[in-house]
Amino acid sequence: MSVLIKWLGVGIGVVSLSVSAMTLEQQRETYDQAQTLITNRDIPQYQVLRKQLDDYPLTPYLDYRIYMLDLDKRTPTEVEQYIKTHHQYPFSQSIRGAYLDALVKAKDWQGFYHFQPQKPRMQSYQCSYYFAQYQMGKTVDAFKGASKLWLSGSSIAKECNELFKAWDEAGLRKDTLILQRMGLAFSSRNRSLLNYLQDLPESEQAKANAQAIYQLYQDNTQIASFATSQARSALNKKVAMATLKRITYQDANPQLAISVLDEVAKAQQFTDKEYQDSADYIAYSLINTDDTKLAKWRDDTLLKSHNPKWLERRARLAIQHQDWQGLDTWIERLPSKEKNSKRWQYWKARAQIALGQVSEGKSRMRALLGHRSFYSIAAADYLEQPIQYNTLMPTQQDASIEGFSTSLARIKELIAVDKITAAKREWRWLLARSSSEQKKLLAQYAAKHHWNHLLVMATIEGKMWDHISLRFPIAHQWWFNFYAKKHDVDPITLMALARQESGLDIDAQSPVGARGLMQIMPKTAASTAKSYNIEYSGADDLFDVSKNIEIGSQYLAGLLDDYNGNRVLAFGAYNAGPNRVQLWRERTGGKVDVYSYIESIPFKETRGYIKNILMFEVYYRDILNKKGPFLSDLESEMKY
């Protein structure tokens with residue numbers, strides 16, 4: 001309390017300073033004090049401070065915390081009304097779960113069912129929902145729900161234990177359900193669950209089937225014996241198909257899968273589609289085989305396939321080998337949607353030109369010009385035409401965001417006090433409640449306030465693909481220029497990479513731990529800092545703009561040095577690692593052009609990553625009015 005008393009100059013009990021006399025900085029300090037009082041459950045003193053904060057944008061968060069203190073004492077009707085009244089706040093969505101938890105803890109099943117009359121999304125709440133039905137006498141519905149929850153290839157939430165106990169005691173855990181769950185566990189490769197389930201069946205026939213399934217899981221090579229000895233059933237067929245996949249990939253033995261496929265399919269009566277799906281899976285695993293016989297089997301199989309994923313991968317293999325006749329064949333096998341995409345129209349044109357159909361190929365290329373697409377630029381490059389694409393500028397909208405003024409004020413204040421995670425949550429909630437036209441206005445609002453990451457989010461949510469100036473804000477330019485000059489890297493390259501990596505989110509953190517604008521892994525940061533004598537204290541440094549750009553630009557500069565300035569290879573290594581780049585180059589063998597190399601990369605993420613950054617550089621150059629080629633002479637002339 002000492003800090004507060006110091007600037008008020010009076011005791012807490014006799015505060016008389018008017019609200020209008022408080023500066024914004026004083027409100028922030030009072031807000032922090034109020035948060036501490038709530039944490040300490042000093043409610044009387046908190047209530048004194050609360051009176052000073054009626055017009056402070058973040059005060060609703062205080063009211064929310066106070067409301068949550070007594071959540072378990074409130075009725076379902078009261079909580080439902082509170083959620084409706086406060087729907088404009090993102091925290092309104094967390095109240096339902098917290099209240100359900102309180103009802104479960106209190107075993108108030110009547111209250112639970114009153115408050116949650118529809119099946120919830122989360123499994124744990126579904127367990128409680130059906131158990132509440134059971135307690136309310138809706139036994140049939142409750143046990144139907146239990147049966148559905150039981151059929152999972154994974155472990156089930158502990159909240160289901162009481163429900164399953166009642167369901168089992170009612171005699172409804174039938175052998176057929178146990179075996180069905182074994183099939184799901186088998187497909188999910190859940191050995192421990194399979195081991196548990198195999199002892200549950202009661203009939204001798206079901207026991208034998210369960211044990212056979214478990215034994216097959218232990219030894220995949222017994223697939224033919226299993227398929228021929230076990231009864232024809234949907235379950236055994238499913239297990240057999242899953243085993244063929246396990247043999248193919250987990251055991252890396254596609255030859256065995258091929259040798260038993262026909263026997264297994266006949267024994268378990270695969271449909272034509274099931275047979276083709278299984279064969280496709282095996283064929284896909286052979287995409288890089290050097291065995292002539294296996295390659296022929298693969299191609300014969302894929303020629304009968306209708307799966308665009310497998311067919312596109314085979315087309316990429318043709319590009320990798322510069323097999324233009326084969327490429328034309330595989331493109332023609334694609335479904336019309338994929339075949340008519342800009343990607344495959346570009347490669348169809350390349351194939352035609354290579355096969356001597358120059359006029360037809362160039363005509364197809366010209367049809368691709370003028371679009372906001374990597375393949376449009378690739379076509380322009382091939383035809384030696386200038387790059388052109390559609391752009392839109394912000395315009396006056398009929399919609400209004402005046403109703404969002406309090407939400408925007410909260411976001412502004414959250415950013416000011418460095419509560420970025422909360423600001424992003426508010427922004428996402430605001431976008432979710434806005435129309436398409438309002439999203440455009442919100443994007444313009446974010447641009448005006450230099451909320452760069454929030455701006456990027458709004459353009460994505462609003463599908464504002466042609467609004468290039470909004471989609472690619474100029475952020476942290478001083479730092480990009482500074483470290484670009486220091487490490488001899490084009491600042492536009494750094495900006496484009498950061499835009500791809502994080503959407504310019506300073507506080508971004510990926511599921512695997514990459515951090516900050518340039519999404520640097522802490523281990524990579526540490527090794528880069530050590531190699532180049534950069535001051536680095538730990539992973540949290542990567543949330544600092546200057547440090548993140550310093551380390552990220554140095555790491556990229558090192559990769560560019562490794563590849564003689566080739567951005568295509570450096571970007572690939574930044575995303576997937578140098579070892580994979582080396583493997584991909586070994587496969588192309590120094591025989592393909594840059595576009596063929598990019599298209600041959602087997603990782604969809606890395607292909608998109610390289611193409612996006614190259615495109616983003618084009619956009620940033622246009623925005624900043626900076627000249628520069630799409631590809632350098634080295635990149636375009638080199639054989640990969």
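Keep in mind that what you see is a predicted model, and the values were worked out from it rather than measured.

Student: For the UniProt feature "domain: Transglycosylase SLT" (unreviewed entry) in the protein chain, give the residues involved together with the corresponding values.
Tutor: When the UniProt feature table is mapped to this numbering, "domain: Transglycosylase SLT" (unreviewed entry) covers residues 480-591. In residues 480-591, helix accounts for 62% and strand for 0%; the two terminal C-alpha atoms are 36 Å from one another.

Student: How would you explain the packing of aromatic side chains if you had to name every residue and give the values?
Tutor: Applying the stated rule across the entire model yields 41 aromatic pairs. Ring geometry for Y284 versus W310: centroids 4.3 Å apart, planes at 40°, classification tilted. Taken together, the residues Y284 in helix α17 (residues 272-285) and W310 in helix α19 (residues 308-320) connect sequence positions 26 residues apart. Ring geometry for Y597 and Y640: centres 5.2 Å apart, planes at 20°, overall stacked. Of this pair, Y597 sits in helix α36 (residues 594-600) while Y640 sits in the segment after α38 (633-637); the two residues are 43 residues apart in sequence, bridging distant segments of the chain. For Y640, a relative accessible area of 1% gives the class buried. Among the aromatic residues, ring-to-ring pairing joins W324, Y346, W347, F374, Y375, Y595 and F630 into one connected group. Looking at R74, its charged tip hangs above the ring of Y67, at a distance of 3.9 Å from the centre. Its end group placed over the ring of F472, R499 keeps NZ or CZ at 4.6 Å from the ring centre.

Student: Give me the lowdown on the packing of α17 against α19, citing residues and values where you can.
Tutor: It is at 10 Å that the axes of α17 and α19 come closest, and there the two elements cross at 25°. One element, α17, and the other, α19, form an angle in the roughly parallel class. Considering the relative orientation of α17 and α19, their crossing is left-handed. On α19, the residues touching D280, Y281 and Y284 of α17 are K309, W310 and R313.

Student: Describe empty space enclosed by the protein, listing the residues and the values that go with them.
Tutor: The tally for this structure, following the rule as stated, stands at one cavity of 30 Å³ or more. The calculated volume of the largest cavity comes to roughly 40 Å³. Lining the largest cavity are R313, Q320, W584, R587, T588, S600, I601 and P602. Those elements that place two or more of their residues in the lining of the largest cavity are α19 and α35 (578-588). The dominant element in the lining of the largest cavity, judged by the number of residues it contributes, is α35, at three residues. Tallied by class, the residues present in the lining of the largest cavity amount to three nonpolar, three polar and two charged.

Thresholds, definitions, all that
- Position numbers for residues start from 1 in each chain and track the written sequence from start to end.
- Since the coordinates come from a predicted model, pLDDT governs what is reported: local features require at least 70, and pairs of side-chain atoms require 80 or more to be given and counted, while whole-chain, interface and lining totals use all residues.
- Side-chain calculation: all heavy atoms of the structure are included, whereas hydrogens and water are not.
- UniProt positions are given in the numbering used here, feature names are shortened, and annotations may be inferred rather than shown by experiment.
- In this description a helix means any DSSP run of H or I spanning at least four residues, a strand means any run of E spanning at least two, and both kinds are numbered starting from the N terminus.
- Put simply, two rings from Phe, Tyr or Trp (the six-membered ring, in Trp's case) pair if the centres are within 6.5 Å, and we call them stacked under 30 degrees between planes, edge-to-face over 60, tilted for the rest.
- For every residue, the accessible area obtained with a 1.4 Å probe (protein chains only) is divided by the maximum for its type, and the residue is called buried under 20%, exposed over 50%, and partly exposed between those limits.
- Two conditions define a charge sitting above a ring: the NZ of Lys or the CZ of Arg must be within 6 Å of the ring centre, and it must be within 35 degrees of the ring normal.
- Where helices are involved, their axes are fitted lines through C-alpha atoms of the stretch in contact, as for all axes, and angles between N-to-C directions lie from 0 to 180°.
- Angles are sorted into four bins: roughly parallel if under 35 degrees, roughly antiparallel if over 145, roughly perpendicular if 65 to 115, and oblique for all others.
- Note on convention: near helix rotated counterclockwise from far helix by under a right angle means a left-handed crossing. Clockwise means right-handed.
- Note on contacts: a residue pair is in contact if any heavy atoms of the two residues lie within 4.5 Å.
- In this analysis, the protein atoms alone were mapped onto a 1 Å grid. Cavities are point sets where a 1.4 Å probe fits without being able to get out; pockets are open sets with protein on both sides within 12 Å along at least five of seven lines; lining residues have an atom within 4 Å of a point.
- Grid points are joined across faces, edges and corners, and a volume is the space filled by probe spheres set on the points.
- For this scheme, ten residues count as nonpolar: Ala, Val, Leu, Ile, Met, Phe, Trp, Tyr, Cys and Pro. Four count as charged, namely Asp, Glu, Lys and Arg, and the remainder, Gly too, count as polar.

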